[in-house]
Amino acid sequence: RKEVEQDPGPFNVPEGATVAFNCTYSNSASQSFFWYRQDCRKEPKLLMSVYSSGNEDGRFTAQLNRASQYISLLIRDSKLSDSATYLCVVSGMNYGGSQGNLIFGKGTKLSVKP
Amino acid sequence: EPEVTQTPSHQVTQMGQEVILRCVPISNHLYFYWYRQILGQKVEFLVSFYNNEISEKSEIFDDQFSVERPDGSNFTLKIRSTKLEDSAMYFCASSVVRDQPQHFGDGTRLSIL
């Protein structure tokens with residue numbers, strides 16, 4: 001089983017649409033969860049951290065379900081500038097129980113059209 | 001807003017040559033990382049560094065790789081004898097503490113000929 005799996009893309013949506021991304025992770029001991037966005041040939045940029053209680057930042061809402069090992073990202077009222085690849089990212093764990101490295105999904109490409 | 005800076009932005013090197021990639025992490029961050037991304041593939045962890053020593057490394061980070069913090073600001077990744085398959089984008093990242101979000105530099109594109 002892959003460590004972090006995401007919806008295959010691409011998602012092509014019109015401006016103003018609501019779009020949802022889903023992600024599952026395999027390591028139940030992971031403690032930190034994030035969504036990053038990556039523009040073509042650019043660095044990953046932190047979009048938001050994800051908490052069990054769910055969190056919202058403007059048009060973006062992230063949810064975490066630890067029991068199902070499932071993470072989601074909802075984008076409302078999508079803009080042209082939201083076009084990017086969205087990366088689901090989970091903290092790694094070593095045998096000592098510490099966290100440090102990030103484990104990335106392959107990403108889901110979003111294209112928002114006028 | 002403080003940012004992670006990387007140099008050079010693009011490095012072209014002959015196979016078998018040594019290459020050093022440089023990074024300046026955000027000044028109050030304590031944890032430093034290197035990742036790579038082969039074209040069309042996912043971002044992969046290489047190594048993390050804290051308190052002047054490696055804290056974790058992946059299977060990719062073999063004896064050809066080394067990291068160093070030669071002074072108070074720079075963090076370097078050295079590849080001793082480059083291979084064609086080392087061609088990738090290399091990202092440096094830093095975080096305040098271990099499980100906090102990591103902030104990435106804009107990467108060095110390494111091309112091995």
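Scroll up to find the structure.
Described below are features of the structure shown in this document. (Residues numbered from 1 in each chain as written. Chains lettered and ligands numbered in written order. Predicted model: local features only at pLDDT ≥ 70, side-chain atom pairs only at ≥ 80, totals over all residues. Heavy atoms only, no water.)

1. Structural notes on the overall build of chain B
Argument step 1. A count of helices and strands for chain B gives zero helices and 11 strands.
Argument step 2. Listing each helix as α and each strand as β along chain B from the N terminus yields β-β-β-β-β-β-β-β-β-β-β.
Argument step 3. Computed over C-alpha atoms, the radius of gyration of chain B comes to 13 Å, within 12% of the 13 Å expected from 2.2 N^0.38 for 113 residues, which places it in the range of a compact globule.
Argument step 4. C-alpha extents for chain B along the principal axes are approximately 35 × 25 × 25 Å.
Argument step 5. Each of the 113 residues in chain B was classed as buried or not, and the buried ones make up 45%.
Argument step 6. Long-range pairs, those at least 24 residues apart, make up 55% of the contacts in chain B with a sequence separation of at least 6.
Argument step 7. Summed over all atoms, the accessible surface of chain B reaches about 5800 Å², with 45% contributed by carbon and sulfur.
Argument step 8. Across chain B, the centroid of the 10 positively charged side chains sits 3 Å from that of the 15 negatively charged ones. (Helix = DSSP H or I, 4+ residues; strand = E, 2+ residues; numbered from the N terminus. Rg over C-alpha atoms; globule rule 2.2 N^0.38 Å. Buried < 20%, exposed > 50% of the residue type's maximum accessible area, 1.4 Å probe, protein only. Contact = heavy atoms within 4.5 Å. Areas by Shrake-Rupley, 256 points an atom, 1.4 Å probe, with all protein chains shown as cover. Lys, Arg positive; Asp, Glu negative; His and termini not counted. Charge placed at Lys NZ, Arg CZ, Asp CG, Glu CD.)

2. So, the interface of chain A and chain B
Argument step 1. Contact with chain A, which involves 19 residues of that partner, is made by 20 residues of chain B.
Argument step 2. Summed over the shared surface of chain A and chain B, the number is zero salt bridges.
Argument step 3. Summed over the shared surface of chain A and chain B, the number is three residue pairs in polar contact (both at pLDDT 80 or more). (Salt bridge = Lys/Arg side-chain N within 4 Å of Asp/Glu carboxyl O. Polar contact = N/O pair within 3.5 Å; in protein donor to acceptor, adjacent residues only side chain to side chain.)

3. Here we look at the nonpolar core
Argument step 1. One finds F21, W35, I71, L73, I75, Y86 and L110 of chain A to be the most contacted residues of the largest nonpolar core, which totals 25 residues.
Argument step 2. If you list the elements that add at least two residues to this core, you get strand 3 (19–25), strand 4 (33–38), strand 5 (44–50), strand 7 (60–65), strand 8 (70–75), strand 9 (84–91) and strand 11 (108–113) of chain A.
Argument step 3. If we ignore the near neighbours within four places in the chain, the residues touching Y86 of chain A are Q6, F21, W35, Y36, R37, L47, L73, I75, G107, T108 and L110 of chain A.
Argument step 4. Ranked by size, the runner-up nonpolar core spans 21 residues in total, among them I26, L46, F49 and A88 of chain B. (Core = buried A, V, L, I, M, F, W, Y, C linked by side-chain atoms within 4.5 Å.)

4. Remarks on the pairing of strand 7 of chain A
Residues and elements named next belong to chain A.
Argument step 1. Two elements, strand 6 (residues 55–57) and strand 7, share three bridges in a ladder whose sense is antiparallel. In the strand pairing of strand 7, E56 is matched with T61.
Argument step 2. Where strand 7 and strand 8 come together, six bridges link them in antiparallel fashion. Within strand 8, the position partnered with F60 by the bridge is I75. (Pairing = 2+ DSSP bridges.)

5. Focus: the pairing of strand 6 (residues 53–57) of chain B
All names here are of chain B.
Argument step 1. With four bridges connecting them, strand 5 (residues 44–50) and strand 6 associate as antiparallel partners. Bridge pairing links S48 to E56 in strand 6.
Argument step 2. Taking the residues between adjacent antiparallel strands as the criterion, strand 5 and strand 6 are bridged by two residues, where N51 takes a positive phi near 55°.

6. Regarding unusual backbone geometry
Argument step 1. The step from T7 of chain B to P8 of chain B runs through a cis peptide bond, and the omega angle for that step is -10°.
Argument step 2. By the secondary structure assignment, P8 of chain B is in the loop between strand 1 (5–7) and strand 2 (10–13).
Argument step 3. Located in the positive-phi region is Q69 of chain A, a residue other than glycine, with phi close to 55°.
Argument step 4. Take Q69 of chain A: its relative accessible area is 14%, and that puts it in the buried class.
Argument step 5. For D77 of chain A, which is not glycine, the phi dihedral falls at a positive 50°.

7. Let's talk about the state of the cysteines
Residues and elements named next belong to chain A.
Argument step 1. For the coordinates displayed, the defined rule picks out two disulfides over all chains.
Argument step 2. Here C23 is linked by a disulfide to C88, with a sulfur-sulfur distance of 1.9 Å. Residues C23 and C88 are joined through a disulfide that is left-handed, its torsion about the S-S bond being -75°. In this pair, C23 is assigned in strand 3 and C88 in strand 9, connecting sequence segments 65 residues apart. (Disulfide = S-S within 2.5 Å.)

Scope: geometric values only; no functional claims are made or implied.
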